[in-house]
Amino acid sequence: MKRIGVITSGGDAPGMNAAIRAVVRAAIGRGVSVVGFTHGYEGIIDDEAMPLDSVSVGGIISRGGTMLRSARSKTFMTEDGRDRAVGVLRKHGLEGLVVIGGDGSLRGALCLHDEFGFPVMGVPGSIDNDISGTDFSIGFDTAVNAALEAIDRVRDTAYSHERIFVIEVMGRHNGFIALEAGLAGGAEAILIPEVPYSLMEICTDMKRAAVRGKKSSIIIVAEGAARASDIKDFIEKNTGFEARQLVLGHMQRGGSPTAFDRVLALRLGALAANRLISGYTAEMVGVDGVKLVSHPLSYVLSTERAIDPEKLLLAGVMAQ
Ligand code: F6P
């Protein structure tokens with residue numbers, strides 16, 4: 001292989017820059033040049049090519065977001081869009097593509113392989129951490145820490161004013177951020193889409209806690225489980241306690257990546273480039289504990305990543 005491409009696609013995640021840097025420098029180390037495309041698959045279709053060398057990826061390791069920008073491409077979901085994308089990749093003499101992104105982006109990579117035989121390698125980049133085949137996806141740790149900082153700050157004021165706070169974190173379809181940040185922040189309740197909950201029971205618990213003298217609580221809700229405003233209204237109506245809501249939103253996706261995310265991204269980016277250059281294709285790199293692994297994309301995309309039951313149990317015990 002002489003030339004490979006790289007994109008970041010879907011929701012951005014802190015650490016994507018470190019992953020781009022690793023792809024580029026690992027490839028250059030093997031005598032392979034790299035072309036980036038801005039705006040993910042959309043940028044490939046529109047031929048937004050950007051040659052990348054060691055210097056162009058300098059100074060980005062500490063930056064959140066992605067220097068290549070990102071997008072969710074509707075055109076790429078059409079057959080014609082994918083045809084055009086492969087045409088552009090071939091026009092640039094590219095022999096493989098590294099795709100850094102979440103579930104939808106990895107599905108796109110698999111299409112390129114299955115429909116055109118184009119060599120691809122996936123790198124899991126998503127704050128949601130909902131991708132199978134890896135214990136961690138790039139950006140999750142930073143997002144959890146951003147949410148945690150907000151929770152810690154809110155706890156101070158919740159205590160002072162003896163209020164209930166409902167904090168909504170990201171996670172459309174899953175509660176990985178909610179569970180991790182909730183555990184670390186000592187939340188009194190964690191509501192996630194994967195597990196049914198009773199708001200009435202939560203209200204009863206809070207009333208009992210108030211009798212014992214505990215008059216402030218933090219409830220963490222994943223956006224896919226309920227809206228913070230609805231939970232807040234329900235609590236006020238059914239307990240008579242004063243409550244406030246806070247939606248953390250996109251602040252969880254920005255900011256400088258943690259050391260954990262940077263090192264994870266460097267390891268995964270370098271592994272992806274090396275495997276692609278060595279002739280492997282249609283895989284996603286990941287970590288299993290501290291070990292680097294690589295799994296077929298078809299396996300990764302057909303397996304659902306489950307919430308850790310031990311952590312769920314722990315959350316219940318700690319909330320008592
Ligand atoms: O997948 C990452 C994520 O941040 C989800 O947690 C969230 O639901 C979604 O993206 C938000 O998407 P957008 O940036 O398009 O509003």
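Keep in mind the model is a prediction, meaning the values are calculated, not measured.

**Student:** How should I be thinking about the packing of aromatic side chains in this particular structure?
**Tutor:** For any pair of aromatic rings, the description consists of the separation of the ring centres together with the inter-plane angle of the planes. Scanning all chains against the criterion turns up 3 aromatic pairs. With 6.4 Å between their ring centres and 35° between their planes, Phe136 and Phe140 make a pair best called tilted. Residue Phe136 is classed as partly exposed on the basis of its relative accessible area of 28%. Residues Phe136 and Phe260 carry aromatic rings whose centres are separated by 5.0 Å and whose planes lie at 75° to one another, so their mutual orientation is edge-to-face. Linking Phe136 in the loop between strand E5 (120-124) and helix H5 (140-161) with Phe260 in helix H9 (residues 259-277), this pair joins segments that are 124 residues apart in sequence. The exposure class assigned to Phe260 is partly exposed, which follows from its relative accessible area of 37%. Here Arg275 stacks its cationic end above the ring of Tyr280, 3.8 Å away from the centre of that ring.

**Student:** Quick question: what am I supposed to make of the layout of surface pockets here?
**Tutor:** A probe as big as a water molecule, rolled over the atoms, marks out the empty space that is left. Computed from the structure, the largest pocket encloses a volume of approximately 980 Å³. Lining the largest pocket are 43 residues, with Gly102, Asp103, Gly104, Asp130 and Arg172 positioned closest to its centre. Mapped by element, the contributors of at least two residues to the lining of the largest pocket are helix H4 (103-116) and helix H10 (297-302). No other element matches the 6 residues that H4 contributes to the lining of the largest pocket. Taken together, the residues that form the lining of the largest pocket break down as 13 nonpolar, 17 polar and 13 charged. The calculated volume of the second largest pocket comes to roughly 680 Å³. Lining the second largest pocket are 28 residues, and of these Glu188, Ala189, Ile202, Asp205 and Ala319 sit closest to its centre.

**Student:** Just checking my understanding: could you explain the site of the ligand for this structure?
**Tutor:** Within the structure, the ligand sits among Arg72, Ile127, Asp128, Met170, Gly171, Arg172, Glu223, His250 and Arg253. Within the backbone of Gly171, one N or O atom sits 3.4 Å away from an oxygen atom of the ligand. Between the ligand and Glu223 there is a distance of 2.4 Å, counted from an oxygen atom to a side-chain nitrogen or oxygen. In isolation the ligand exposes 400 Å². Once the protein is present, 77% of that is buried. Taken atom by atom, the bulk of the ligand overlaps the largest pocket. For the shell around the ligand, the class distribution of residues is 2 nonpolar, 2 polar and 5 charged.

**Student:** What is the right way to read the environment of Ala259 from this model?
**Tutor:** Tracing the backbone shows Ala259 in helix H9. In the structure, Ala259 is positioned 41 residues away from Val300 in sequence and 26 Å away in space, judged by C-alpha atoms.

**Student:** Mind showing me how you'd approach the sheet that holds strand E1 (residues 3-9) here?
**Tutor:** The strands making up a sheet associate through backbone hydrogen bonding, with each pair oriented either parallel or antiparallel. One open sheet holds the 7 strands; their spatial order is E3-E2-E1-E4-E5-E10-E11, and the pairing between them is mixed. Looking at strand neighbours, the two that pair on one side only are strand E3 (49-52) and strand E11 (291-296), the edges of this open sheet. Pairwise comparison of adjacent strand axes, ignoring direction, gives a mean angle of 30° for this sheet. Two strands pair when backbone bridges link them, and strand E4 (residues 97-101) and E5 are joined in this way by 5 bridges, in the parallel orientation. Within E5, the residue paired with Val98 across the bridge is Met121.

**Student:** Is there a simple way to think about the packing of helix H6 (residues 176-184) against helix H11 (residues 309-318) in this case?
**Tutor:** Axes are the key here: two packed helices are described by the angle between their axes and the distance separating the axes. The contact between H6 and H11 brings their axes to 10 Å, and the two run at 40°. The angle between the axes of H6 and H11 places the two elements in the oblique class. Handedness of the H6/H11 crossing: left-handed. Residues Leu179, Glu180 and Leu183 of H6 lie in contact with H11, whose contacting residues are Lys311, Leu312, Leu314 and Ala315. Partitioned by chemical class, the residues of the contact of H6 with H11 number 5 nonpolar, no polar and 2 charged.

Rules of the game
Residues numbered from 1 in each chain as written. Predicted model: local features only at pLDDT ≥ 70, side-chain atom pairs only at ≥ 80, totals over all residues. Heavy atoms only, no water. Phe/Tyr/Trp six-rings, centres within 6.5 Å; stacked < 30°, edge-to-face > 60°. Buried < 20%, exposed > 50% of the residue type's maximum accessible area, 1.4 Å probe, protein only. Helix = DSSP H or I, 4+ residues; strand = E, 2+ residues; numbered from the N terminus. Lys NZ or Arg CZ within 6 Å of the ring centre and 35° of its normal. 1 Å grid on protein atoms, 1.4 Å probe; cavity = no way out; pocket = protein on both sides within 12 Å on 5 of 7 lines; lining within 4 Å. Points joined across faces, edges and corners; volume = space filled by probe spheres on them. Nonpolar A, V, L, I, M, F, W, Y, C, P; charged D, E, K, R; others polar. Near = heavy atom within 4 Å. Polar contact = N/O pair within 3.5 Å; in protein donor to acceptor, adjacent residues only side chain to side chain. Areas by Shrake-Rupley, 256 points an atom, 1.4 Å probe, with all protein chains shown as cover. Sits in = over half its atoms within 2 Å of the grid points. Pairing = 2+ DSSP bridges. Axes fitted to C-alpha atoms, helices over the stretch in contact; angles between N-to-C directions. Parallel < 35°, antiparallel > 145°, perpendicular 65-115°, else oblique. Left-handed = near helix turned anticlockwise from the far one by under 90°. Contact = heavy atoms within 4.5 Å.

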